[in-house]
Number of protein chains: 2
Amino acid sequence: MNTIFFKNKPQIIATATICGPKEAEGNLGKYIDEKLADDYYGEKSFELAERKMLTRVISRAIEKSNVPLSEINAIVAGDLLNQIISASFSAREFESGFLGVYNACSTMTESMLLACALIDGGYFKNAVCATASHFATAERQYRYPLEQGTTRPAQSQWTVTGAGANVISLKGKGVSVLSATVGRVIDYGVTDANNMGAAMAPAAAHTLLDFFHDSNKRASDYDMILTGDLGALGSRMLKELLLKAGVDLKNHLDCGELIYNLNETEYQGGSGAGCSAVVFNSYIYERMLKGEYKKILFMATGALLSTTSTQQGESIPGIAHLIELESDYA
Amino acid sequence: MNTIFFKNKPQIIATATICGPKEAEGNLGKYIDEKLADDYYGEKSFELAERKMLTRVISRAIEKSNVPLSEINAIVAGDLLNQIISASFSAREFESGFLGVYNACSTMTESMLLACALIDGGYFKNAVCATASHFATAERQYRYPLEQGTTRPAQSQWTVTGAGANVISLKGKGVSVLSATVGRVIDYGVTDANNMGAAMAPAAAHTLLDFFHDSNKRASDYDMILTGDLGALGSRMLKELLLKAGVDLKNHLDCGELIYNLNETEYQGGSGAGCSAVVFNSYIYERMLKGEYKKILFMATGALLSTTSTQQGESIPGIAHLIELESDYA
């Protein structure tokens, strides 16, 4: 049993999002709270810009929640940079406790799963979950610095420049978290660091099947099954894997496919920890608050590689943590 | 309030440790389960050796606990390598869920805090907490590759080659976890990446004072206040900071000071996520099982830097998560 059932329905009472100029022009731009005029956000490095985005959404989500700063027990956050420095340095700006987490682009749902358990169990009153990514910092760290002008292959995705945060609480009305499935590390032997969707799709399939098994629910019980950043190719793989397991995934959307307008430079769609963080905490949350989506399964998906593991010839294991959400507005 | 009080006394029912040849010759060598004959552990890279150590202690702790593999709900683990690849790739070997965490060398107590909350709240039956470090992988990643023969300054510590794991459960008898304090990110502006003790001591002081405030306990209520890897200089700073706050810390020991025999090459003592993991899960746990220590506060301490943050001129924020432990054997 990998699924946790929450007794007290922890609530997502507020969210905040920020994104870069490219994301602002995408399909969901109008739902995102703040848009950067340029990728530097007034800072002297892209790393500082990423950190500033993350700090900003944490602040803003807390403001929007109307919870006093002193009652935020912890910030549960992570990011893609080595030693999650964006999260660590952002947390430095707040008096709250800090729990650093890392499951690559599955960090958004990992942090929500942990925060919900801590709140549902009565240990915390309120917690902030947050994550961020930045196209330029990710390219520099995982692949090549932008200045090098390297050509990107057709199976690649585009790391989202953006950050998203939410405040989870026992009080209030918003979107309830009913249960969560802890992902397992799944490795089908993909070794191409440009093909993350293929590395993550098997993990997403395993987690979803684990959830259906543990909960006795079916895909058709949900308005939407939302994955993090599988992209077009990874989404197709997920559907095929589930079809083989007897699940016909008609109601699937992927944050990576949603965020950008169709544009050949990002090929398979968006990726990065900020991708699902921005899409879920803006567009999806807003539509749930309006009651337009009632029940959703949200699975952020992560590729657990590093430059060292790739250079040493390792395959790329994937992971996906799932959150079951219900709108409080019918 | 940053302290969590557990209602059901989660138990540490088994531990496992492994260490390198240098650590085996140290003060605590005889308490450590397994010792490597050389730092490669039969692998072709130090990174693979680190991973193998971590996988080994997770397996061994589960074996010693007599909990069937299928009843281990999750592995809560992290390490110092970029994107915590030691933990991610180790978790790939098990069917359990994986929650990747990172708070540098405070990861051992962070993982225990989270696992205890998940178990105490009734969400998990059993969880494994684990972390590792390796002198050669840490030097290569954070400072200089060993092959370069760089001289180390007198304020430096020696990253422990070793791994430690424990199994936490609601059943059984061993060492109970009574409460835990979530650390905050504290930054006193230290910028020397060779002086981690000074960066972490303020965080340890803050967490300990938070715990005393929240619990109405005093230092004298404990047989020992055990810090992770402050080293000699950092320990002295901790005592001075606490003295200024009116706390006279007579019963303090530091894992970094304990692990090695006095030897000028490691200067201030041991460090690394594996330091507190090895010391706590071997010597300290064994003495608690014998009832020789009844009540302990255990605070692993972390320095939240990366090579990028150091190169960009940032200071080093610290963090310390605290666990309150009680032996079940009076």
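Right above here is the structure, for reference.
Please read all numbers here as calculations on a predicted model, not as lab measurements.

Cut-offs used in this document
Residues numbered from 1 in each chain as written. Chains lettered and ligands numbered in written order. Predicted model: local features only at pLDDT ≥ 70, side-chain atom pairs only at ≥ 80, totals over all residues. Heavy atoms only, no water. Salt bridge = Lys/Arg side-chain N within 4 Å of Asp/Glu carboxyl O. Helix = DSSP H or I, 4+ residues; strand = E, 2+ residues; numbered from the N terminus. Buried < 20%, exposed > 50% of the residue type's maximum accessible area, 1.4 Å probe, protein only. Contact = heavy atoms within 4.5 Å. Buried area = accessible area lost by both parts, 1.4 Å probe. Polar contact = N/O pair within 3.5 Å; in protein donor to acceptor, adjacent residues only side chain to side chain. Core = buried A, V, L, I, M, F, W, Y, C linked by side-chain atoms within 4.5 Å. Phe/Tyr/Trp six-rings, centres within 6.5 Å; stacked < 30°, edge-to-face > 60°. Lys NZ or Arg CZ within 6 Å of the ring centre and 35° of its normal.

**Q** Please set out the pattern of salt bridges residue by residue, giving values where relevant.
**A** Once their charged atoms are close, side chains differing in charge can pair, the charge on each being opposite to the other. Evaluated as defined, the whole model comprises 38 salt bridges over all chains. Here A:Arg92 ties to B:Glu314 by a salt bridge, and the two come within 4.0 Å at their closest N and O atoms. With one member in each of two chains, A:Arg92 in the loop between helix H3 (85–91) and strand S5 (97–100) and B:Glu314 in the loop between helix H10 (307–311) and strand S14 (318–327) form a pair that bridges those chains. Classification of A:Arg92 as partly exposed rests on a relative accessible area of 22%. Among the residues examined, B:Glu314 registers a relative accessible area of 15% and is labelled buried. When the shortest N-O distance is used, the salt bridge between B:Arg92 and B:Glu93 registers 3.8 Å. Taken together, the shared-partner salt bridges connect A:Asp33, A:Glu34, A:Arg56, A:Arg60 and A:Lys64 into one network.

**Q** Tell me about the interface of chain A and chain B, residues and numbers included.
**A** Contacts between chain A and chain B engage 58 residues on the former and 58 residues on the latter. Taken over both partners, the interface formed by chain A and chain B buries close to 4500 Å², and the fraction arising from carbon and sulfur atoms is 56%. Among the residues of chain A in contact with chain B, A:Gln83, A:Arg92 and A:Tyr123 are the three that bury the most area, contributing 16% of the side total. Summed over the shared surface of chain A and chain B, the number is eight salt bridges. As a salt-bridge pair, A:Asp187 and B:Arg92 come within 2.5 Å of each other at their nearest N and O atoms. In this structure, the connection of chain A to chain B is made through 34 residue pairs in polar contact (both at pLDDT 80 or more). At the level of elements, strand S1 (3–5), helix H2 (46–65), H3, S5, helix H4 (107–120), helix H5 (135–142), helix H10 (307–311) and strand S14 (318–327) of chain A are the ones that each hand at least two residues to the side of chain A that touches chain B. When residues in the side of chain A that touches chain B are grouped by element, the largest group, six residues, is from H4(A).

**Q** Can you tell me about the nonpolar core, naming the residues and giving the values?
**A** Inside soluble globular proteins, nonpolar side chains tend to come together where they are buried. A:Phe124, A:Leu325 and B:Leu325 are the most contacted members of the largest nonpolar core, which totals 104 residues. In terms of nonpolar packing, the next biggest core, distinct from the first, is built from 74 residues, A:Ala49, A:Met53, A:Ile72 and A:Ala130 among them.

**Q** Explain unusual backbone geometry to me, using residue names and the numbers behind them.
**A** For A:Tyr41, which is not a glycine, the phi torsion comes out positive at approximately 50°. As for its placement among the helices and strands, A:Tyr41 is situated in the loop between strand S3 (34–35) and H2. Residues other than glycine seldom take positive phi values, yet B:Asn216 does so here, at roughly 60°. Here B:Asn216 lies in the loop between helix H6 (196–215) and strand S10 (224–227).

**Q** Before we move on, could you go through the packing of aromatic side chains and cite the residues and values that matter?
**A** Given two aromatic rings, one states the distance between the centres and the angle between the planes to describe the pair. All names here are of chain A. Throughout the structure, instances matching the rule amount to 14 aromatic pairs over all chains. Seen from their ring centres, Tyr31 and Tyr283 are 4.8 Å apart, and the 70° between their planes marks the pair as edge-to-face. Taken as a pair, Tyr31 in the loop between helix H1 (21–24) and S3 and Tyr283 in helix H9 (residues 273–289) lie far apart in primary sequence, 252 residues in all. Among the aromatic residues, ring-to-ring pairing joins Phe211, Phe212 and Tyr222 into one connected group. Against the face of Tyr260 rests Lys22, its NZ or CZ located 5.0 Å from the ring centre.

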